[in-house]
Amino acid sequence: MRAPAGERAIDGEVGLRDGGRRPSGWLRASLTVVVKDLRAELRTKEALNASLAFSIVVLLLFSFAFEPSVEETRALGGGLLWLVFAFAGVLILNRSFARELPNDCLDGLLASPLSPAALYAGKAVANFLLLMAVELVGLAVFGVFYNAAWTGRFWPLMGVVAMGTWAMTAVGTLFSALTVNLRLRELMLPLLVYPLLVPALLAAIQLTGPLALGQPFASDMIVWLRLLAAFDVIFTALALALIDAVLVG
Amino acid sequence: MNVIELDDVWKFYGDFPALRQISLRVEAGSCLALLGRNGAGKTTLLRILAGLSREGRGRVRVLGGSPRRQQARASIGVLGHGLSLYDELSALENLTLFGRLYNLKEPLRRARQWLERTGLSSVANARVRDFSRGMRQRLAIARAFLHEPELLLLDEPFTALDDLAVGVLQDLLRQARNEGRTTVISTHQVREALELASDVALLVRGRLAFQGERTGEMLEDPGWLYRRYGEAA
Amino acid sequence: MREKVIIVLSGLAALVLAHNLYVMLLVLPDEAAQGAIFRIIFFHVPAAWTALLGFLAAAVASAFYLARKNLRYDAFAVAVTETALAFAAANLATGMIWGRIIWGIWWTWDPRLTSMLVCWLLYAGYLMLRRAVEDPTQRARIAAVFSIFACVDVPIVFFSIRWWRTQHPQPVVWGGGSMDPAYWNMLFANWAPLLLLGAALAAIRMRQEEQQRRLEALRRQAHAW
């Protein structure tokens, strides 16, 4: 089957020349997509800047509007943070597949050996990394303006934020693909995704509340952790299963 | 040996049949000119061959199996209307990206080779955003040929090409023909495409009105085919 | 043939409903704690069951569509989803009325009602999604994927909101649990006419959807060729 380029391989079937190729790898292909998306976003920084600016502004506005005391911050902190993360996240997610529209780049990707699942995984990971970066900045701002000792329980907080962010990006990236060719795409994505994310956001909010102030959460909160983990697993699996149907019509 | 085999293929948009009863054979090494008016279904057919779209009914065999298979896609080169180039990346980055996606062993080296072949070495590190239209076309051609595909699918490639790009493309297509690769070019009866073609197929309202060898007569008077088999020119 | 089915279903629904209303209003005694208004439960709860069943049926049809690519399944999915949305709205409305009468407030963040609200928003999104796609084949495909996602989410939504409310209790519209057997029987007995009505509505909508699709194809053919 392998023949030097330029010579015809005769194989009974149509001879497929090996144009100097290596065996394909799902992981490597995904990684190529991650790097491509990150590089493209870091060059233009459109979604990133919008996202960062939005987070900071909303956090500030909220503190002006409500001047929360320590008890109030404790009660509302989780909800506030995740609302900010959710809205900022949509700005990044909208861009995700939309960046493939100019010049029909999506067709170029789909016509290549890249599997739709690898494309989805690569974009989801890129979105995850971008959103985590925005959220870290958001947490820092939150810490400063709300006097919240969020580094108190740093690793548990990071764990919860990562799981919640993955829920958003796993679902949001699929929906970015789903809505890419639609009218009013920027509006449709959040309208569809937010109700879907209610369980994950609820869990993340409950868990982040105490953690963002450096406090541990109560033992009966473990169920939220399980819910978030289950949500992540179920919807990632579902997205991987259905991405092909979404992208190839 | 047939690189493409279509049997009674239909494509629906809702209940509207964009393609009807398409049965087509394309032999290895041939060059098929796919003719038809706007809306006849040329792009729809090419997208199915490229694995970008699924047929509604019928059997599609490209390179021995479904065009959606990875092995098939690895050996197909596609040049569509949109050129599929990333504006924010440089010419070299674009080609290296696709080189990696096509699992080439040395994507960087191959990318540089093709930049040279298409006369774009001097702008290798410039962003595609800053390219002229002709430069973009040449880069897109490089992208389509980069992985030495067995089958080339070109959707109206000669439309709005500048002279330099036309020359580059014609050379590459002649070379592809000499190397035994197969090509399908959809076109609006453009002379350049008909010159290269060994076979011709005419799509009228989603149906294959004619399929056969490209004759001298067609080359002399491209409208002949339409008058004979399609609606009035 | 389809018309006959619709007429029969509607007729049966009307008959059973009439019978149930008679039993509800004249035979069954008032509920001890909540009085006459408690009878609203015979519509409130079965409406929820019908809606949830509809969402499930739509997801199953959507999965079939993705597998078989027959647009019939898509017509079924949208018809059933719209009908389910109507029943969900009925569930919300009756719940709010009940809450207003019993507790004096329109909305109490009751877990079931809140979950149903989220589901309603989710599936309203399904309808909006369909509106945003021109091509019927693409519309069917995209809507099918969404329908499956939404249906998988429904039980998770119910569970998460219930747990949330367990941790922060609020007044509850209907706690569930023990109830007079006669009431339980009527609950199920009244589900039947609602299901029949739902089936009739879905059948009407499905026929309308298929005719619409044929019309679109003819229109496109006329313009394109």
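Here is a short report on the structure shown in this document. From a predicted model like this one, the values you see are computed outputs, not experimental measurements.

### Looking at the overall build of chain C
Across its full length, chain C carries six helices and zero strands. Going residue by residue from the N terminus, the α and β elements of chain C occur as α-α-α-α-α-α. Seen along its three principal axes, the alpha-carbon backbone of chain C occupies a region of about 70 × 45 × 25 Å. Across the 225 residues in chain C, those meeting the buried criterion constitute 42%. Contacts in chain C between residues far apart in sequence, at least 24 positions, make up 82% of those at least 6 positions apart.

### Looking at the overall build of chain A
What chain A contains, in helices and strands, is eight helices and zero strands. With the C-alpha coordinates aligned to their principal axes, the bounding extent of chain A is approximately 80 × 35 × 30 Å. The buried share of chain A, reckoned over its 249 residues, is 48%. Put simply, of all contacts in chain A between residues at least 6 apart along the chain, 81% involve residues at least 24 apart.

### Structural notes on the pairing of strand β1 (residues 2–13) of chain B
A regular strand carries its side chains on alternate faces of the sheet. Residues and elements named next belong to chain B. Direction of pairing for β1 relative to strand β2 (residues 16–27): antiparallel, over a ladder of eight bridges. Of the residues in β2, the one forming a bridge with Glu-5 is Arg-25. In the sheet, β1 pairs with strand β4 (residues 57–62) via five bridges, with the strands oriented antiparallel. Within β4, the position partnered with Leu-6 by the bridge is Val-60.

### Looking at the nonpolar core
Side chains of a nonpolar character, in soluble globular proteins, are inclined to be buried together. Ala167(A), Val171(A), Leu153(B), Phe55(C), Ala77(C) and Phe146(C) are the most contacted members of the largest nonpolar core, which totals 217 residues. Contact partners of Val171(A), with chain neighbours within four places excluded, come to Val193(A), Leu196(A), Leu197(A) and Phe235(A).

### Let's talk about the environment of Val184(B)
Residue and element names in this part refer to chain B. With respect to the helices and strands, Val-184 occurs in strand β7 (residues 182–187). With 26 C-beta atoms counted inside 10 Å, the residue Val-184 sits in the buried group. Through-space distance from the C-alpha of Val-184 to that of Leu-173 is 11 Å; in sequence the pair is 11 residues apart. Leave out the neighbours within four places in its chain, and Val-184 touches Val-26, Leu-32, Leu-34, Leu-46, Leu-49 and Leu-153.

### Focus: the interface of chain B and chain A
In this assembly, 41 residues from chain B lie in contact with 32 residues from chain A. Elements that contribute at least two residues to the side of chain B that touches chain A include exactly α2 (70–74), β5 (76–79) and α3 (91–101) of chain B. Within the side of chain B that touches chain A, the residues separate by chemical class into 18 nonpolar, 13 polar and 10 charged.

### Brief notes about the sheet that holds strand β6 (residues 151–155) of chain B
Residues and elements named next belong to chain B. As summarised here, the arrangement of the six strands in space is β5-β6-β7-β3-β8-β9, forming an open sheet in which the pairing is mixed. Sheet topology places β5 and β9 (207–213) at the edges, where each strand pairs with a single neighbour. This sheet shows a mean twist of 15° between the axes of neighbouring strands, independent of strand direction. Bridge count for strand β8 (residues 199–204) against β9 is six bridges, and the pairing is antiparallel. Considered in β9, the bridge of Leu-202 is made with Phe-210. Packed on one face of the sheet, helix α5 (residues 133–145) meets β5 and β6 and runs near 160° to β5.

### Brief notes about α5(B)
A turn of α-helix holds 3.6 residues, and therefore any two residues three or four places apart point the same way. Residues and elements named next belong to chain B. Look at α5: 19 Å from first C-alpha to last across 13 residues, which is about the 18 Å you get at 1.5 Å a residue. The element α5 is largely enclosed, with a buried count of 10 among its 13 residues. If you check which residues of α5 are buried, you get Met-135, Gln-137, Arg-138, Leu-139, Ala-140, Ile-141, Ala-142, Arg-143, Ala-144 and Phe-145.

The rules behind each value
Starting from 1, residues in each chain are numbered consecutively following that chain's sequence as written. Labels are handed out in written order, letters beginning with A for the chains and numbers beginning with 1 for the ligands. Totals for whole chains, interfaces and linings use all residues, but because this is a predicted model, local features are given only for residues with pLDDT of at least 70 and pairs of side-chain atoms are given and counted only at 80 or more. Numbering goes from the N terminus for both helices and strands, where a helix is a DSSP run of H or I of at least four residues and a strand is a run of E of at least two. Partly exposed residues are those falling between the two cut-offs: more than 12 but fewer than 20 other C-beta atoms within 10 Å of their own, whereas 20 or more means buried and 12 or fewer means exposed, with C-beta atoms placed from the backbone. Two residues qualify as being in contact provided that their C-beta atoms, derived from the backbone, are within 7 Å of each other. The criterion for strand pairing is that DSSP finds at least two bridges linking the strands in question. Throughout this description, the term nonpolar core refers to a group of buried Ala, Val, Leu, Ile, Met, Phe, Trp, Tyr and Cys residues whose C-beta atoms join them within 7 Å. Side-chain classes are defined by residue name, with Ala, Val, Leu, Ile, Met, Phe, Trp, Tyr, Cys and Pro counting as nonpolar, Asp, Glu, Lys and Arg as charged, and the others, Gly among them, as polar. A fitted line through C-alpha atoms represents every axis, and for helices the fit uses only the stretch in contact; the resulting angles, taken between N-to-C directions, go from 0 to 180 degrees. Given the number of residues in a helix, its expected span is that number minus one, multiplied by 1.5 Å.

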